[in-house]
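Overview (structure and organization)
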Amino acid sequence: LDPSHLPDWWSEIVYRGTTKLVAVSQGTVVTSPEALIIPTLEALKDQHNILVVVALGKRGATLPAEYSIPKNARVADWIPFDSLLPLSDVFVTNGGYGSFQNALANGVPLVIAPPFFADKRDIAARVEWSGTGINLKTGTPTPEALKGAVLEVLSDGKYKKRVIEVKE
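Residues numbered from 1 in each chain as written. Predicted model: local features only at pLDDT ≥ 70, side-chain atom pairs only at ≥ 80, totals over all residues. Heavy atoms only, no water.

What follows covers the packing of aromatic side chains. One pass over the full model with this rule turns up two aromatic pairs. Ring centres of tryptophan 9 and tryptophan 10 lie 6.3 Å apart, and the angle between their planes is 35 degrees; this geometry places the pair in the tilted category. Of the two residues examined, tryptophan 9 and tryptophan 10, each falls in the buried class. Ring plane angle 75 degrees and centroid distance 5.3 Å describe the contact between phenylalanine 81 and phenylalanine 91, whose orientation is recorded as edge-to-face. Taken together, the residues span a long stretch of sequence, with phenylalanine 81 in helix α3 (residues 81-84) and phenylalanine 91 in strand β4 (residues 90-93) at a distance of ten residues. Residue phenylalanine 81 is classed as buried on the basis of its relative accessible area of 19%. The buried category is assigned to phenylalanine 91, whose relative accessible area is 0%. Directly above the aromatic system of phenylalanine 116 lies the positively charged group of arginine 121, at a separation of 3.7 Å from the ring centroid. (Phe/Tyr/Trp six-rings, centres within 6.5 Å; stacked < 30°, edge-to-face > 60°. Buried < 20%, exposed > 50% of the residue type's maximum accessible area, 1.4 Å probe, protein only. Helix = DSSP H or I, 4+ residues; strand = E, 2+ residues; numbered from the N terminus. Lys NZ or Arg CZ within 6 Å of the ring centre and 35° of its normal.)

Attention shifts here to the sheet that holds β4. Overall, parallel pairing links the six strands, which are arranged β3-β2-β1-β4-β5-β6 in an open sheet. Strand pairing shows two members of the sheet lacking a second neighbour, β3 (73-76) and β6 (133-135), which therefore form its edges. For this sheet the average axis-to-axis angle between neighbouring strands, irrespective of direction, equals 15 degrees. Where strand β2 (residues 50-55) meets β3, four bridges bridge the pair, whose relative direction is parallel. The residue of β3 that forms the bridge with alanine 55 is alanine 76. (Pairing = 2+ DSSP bridges. Axes fitted to C-alpha atoms, helices over the stretch in contact; angles between N-to-C directions.)

Take the nonpolar core next. Among the nonpolar cores identified, the biggest contains 26 residues, and Val22, Leu41, Val52, Val92 and Val111 are the most heavily contacted of them. Of all elements in the fold, only β1 (20-25), α2 (37-44), β2, β4 and α6 (143-155) reach the threshold of two or more residues within this core. Take this core: its biggest share by element is five residues, from α2. Discounting chain neighbours no more than four positions away, the residues touching leucine 41 are Val52, Val54, Leu63, Tyr67, Pro70 and Ala73. Core analysis: the second largest hydrophobic core is formed by 25 residues, Ala55, Leu85, Phe91 and Ala103 among them. (Core = buried A, V, L, I, M, F, W, Y, C linked by side-chain atoms within 4.5 Å. Contact = heavy atoms within 4.5 Å.)

What follows covers the packing of α2 against α6. One can describe the packing of α2 onto α6 by two numbers: an axis separation of 8 Å at closest approach and a directional angle of 65 degrees. In this view, α2 runs roughly perpendicular relative to α6, as classed from their interaxial angle. Between α2 and α6 lies a crossing of right-handed hand. For the pair formed by α2 and α6, the contact residues are Pro39, Thr40, Glu42, Ala43 and Leu44 on the first element and Pro143, Leu146, Lys147 and Val150 on the second. In the contact of α2 with α6, the residues fall into six nonpolar, one polar and two charged. (Parallel < 35°, antiparallel > 145°, perpendicular 65-115°, else oblique. Left-handed = near helix turned anticlockwise from the far one by under 90°. Nonpolar A, V, L, I, M, F, W, Y, C, P; charged D, E, K, R; others polar.)

Written as structure tokens, this is what we have:
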């Protein structure tokens, strides 16, 4: 991959030591950051052993100007999943097919927050059924629900074990 396609802070992600990486992407259809991205940033802002990386999903996309990005977060308009997911410990997503497939292909457990349309509820149910992540069963989860789910996936190895089994 051409390194010019990656954010200036990319080396912080690659050389982060033992800090856990939580990737977050709202998707490309429902792009309002208030639904999933901002609640995830708020949920994890005090977790000093976690680095949150947000891929906004569209070139030129930004968070609202009035929102203050937490110190443990990095935000980019677009990051290729092929670069981000192999480095990730958890992927928070709304459950689009591409996100789901890329997470499984890279052995990354999911926290999935599906809105009420398209195939997202079906994909979320499959994530839950297969044990590859946690289904929050709403497209607008609270920061508390997100924090609980992310910390559970990070602390309970059953999700990582299961996603590796599915990947293989």
